[in-house]
Amino acid sequence: MDFEDLVTALSPPPNRVGKSDGEHEHHLYEGAVMVAYAMHLLRTQDTQHVRVHPDGEHGKQFDFAAWLLRRNFIKISSVGTTSYGGTYRNATGQEITVNPKSGLGDVVAEVGNQVISAECKGGIINTRHSGQVSRLYKGLCETVGMLMATPSQGRQIAVVPFTEGTLRLAERLASRCALAGIEIALIGSRGEVRDVRPVSAAG
């Protein structure tokens, strides 16, 4: 998948000037991670409907309605009180419901009799600022922790932005996460999904 409009480029605050690759910080907001993974599930799983559950802050950072419209998903019904809450459908009948409600899993799809539930975090993907790099690491740990605290109905996936740092951490976590039934997926700047699988023990 190749999306050119997931990343938001912003000038860094004074304390982070010179700490990113390039003049601007590239924010892959949590809302962007959610829709990228929702599109991935529609493309790779036997399902026609994916539910996305952002909170109010995600809606301020990322324009769900405009992004989905650019993918030819037309809003067919409304959910809740926000302007973007509702169900969106494309010409092939695929649907994404954006329901601003917490506690339901960030991205949820039903495939056959199994539920796929993903917890997502965003972050700045071109930063060398120690605090922001730490936030990326903590984001992965938080998504794994949230999934461990949630009864599993099927597949559980921790989804965070791809950076060299999150990849290294994901590779370290993958085997232990697998024992708990948790998968890890990393989202690239253009929506590409990299599944991080446990490395088989030699011998």
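This write-up is about the structure you can find in this document. (Residues numbered from 1 in each chain as written. Predicted model: local features only at pLDDT ≥ 70, side-chain atom pairs only at ≥ 80, totals over all residues. Heavy atoms only, no water.)

### Notes on the overall build of the protein chain
Defined as follows: Here a strand is any run of E in DSSP of at least two residues, a helix any run of H or I of at least four, and the numbering for each starts at the N terminus. Remark: exposure states derive from per-residue accessible area (1.4 Å probe, protein chains only) relative to the maximum for the residue type, with buried under 20%, exposed over 50%, and partly exposed in between. The contact definition used throughout considers only heavy atoms, calling two residues in contact when any of these lie within 4.5 Å. Computed with a 1.4 Å probe, the accessible areas rest on the Shrake-Rupley method; for each residue, only the protein chains presented here act as cover. Counting rule applied: Lys, Arg positive; Asp, Glu negative; His and chain ends not counted. The location of each charge is read from NZ of Lys, CZ of Arg, CG of Asp or CD of Glu.
Counting its secondary structure elements, the protein chain contains 5 helices and 12 strands. In terms of overall dimensions, the protein chain has C-alpha extents of about 50 × 45 × 30 Å along its principal axes. Every one of the 203 residues in the protein chain was classed for burial, and the buried ones make up 45%. Of all intrachain contacts in the protein chain linking residues separated by at least 6 positions in sequence, the fraction that spans at least 24 positions is 61%. Within the structure as shown, the protein chain displays about 10300 Å² of accessible surface, and the carbon and sulfur contribution to it stands at 50%. Computed over 21 positive and 21 negative side-chain charges, the separation of the two mean positions in the protein chain equals 3 Å.

### A look at the sheet that holds strand β10 (residues 154-161)
Rules: One requirement defines pairing of two strands: DSSP has to find at least two bridges between them. For helices, the fitted line uses only the C-alpha atoms of the stretch in contact; every axis is such a line through C-alpha atoms, and the angle between N-to-C directions lies from 0 to 180 degrees.
What the 9 strands build is an open sheet, ordered β4-β5-β6-β3-β7-β8-β10-β11-β12; its pairing is mixed. The strands lining the two open edges of the sheet, one partner per strand, are β4 (74-78) and β12 (193-196). Taken over all neighbouring pairs, the strand axes of this sheet differ in orientation by 25° on average, direction set aside. This element, helix α4 (residues 130-148), spans β8 (114-120), β10 and β11 (182-187) of the sheet and lies at about 165° to β10.

### What about the pattern of salt bridges?
To be explicit about the condition: We define a salt bridge as a side-chain nitrogen of Lys or Arg found within 4 Å of a carboxyl oxygen belonging to Asp or Glu.
If you walk through the whole model with that rule in mind, you get 10 salt bridges. Close ionic contact of D5 with R71 constitutes a salt bridge, the shortest N to O distance being 3.3 Å. Of this pair, D5 sits in the segment before β1 (8-10) while R71 sits in the loop between α3 (64-70) and β4, placing them 66 residues apart in sequence. For R71, a relative accessible area of 16% puts it in the buried group. Residue D195 is joined to R197 by a salt bridge in which the shortest nitrogen-to-oxygen separation is 3.6 Å. On the accessibility criterion, R197 (57% relative accessible area) is exposed. A single network of salt bridges, built from pairs that share partners, joins E4, D5, R70 and R71.

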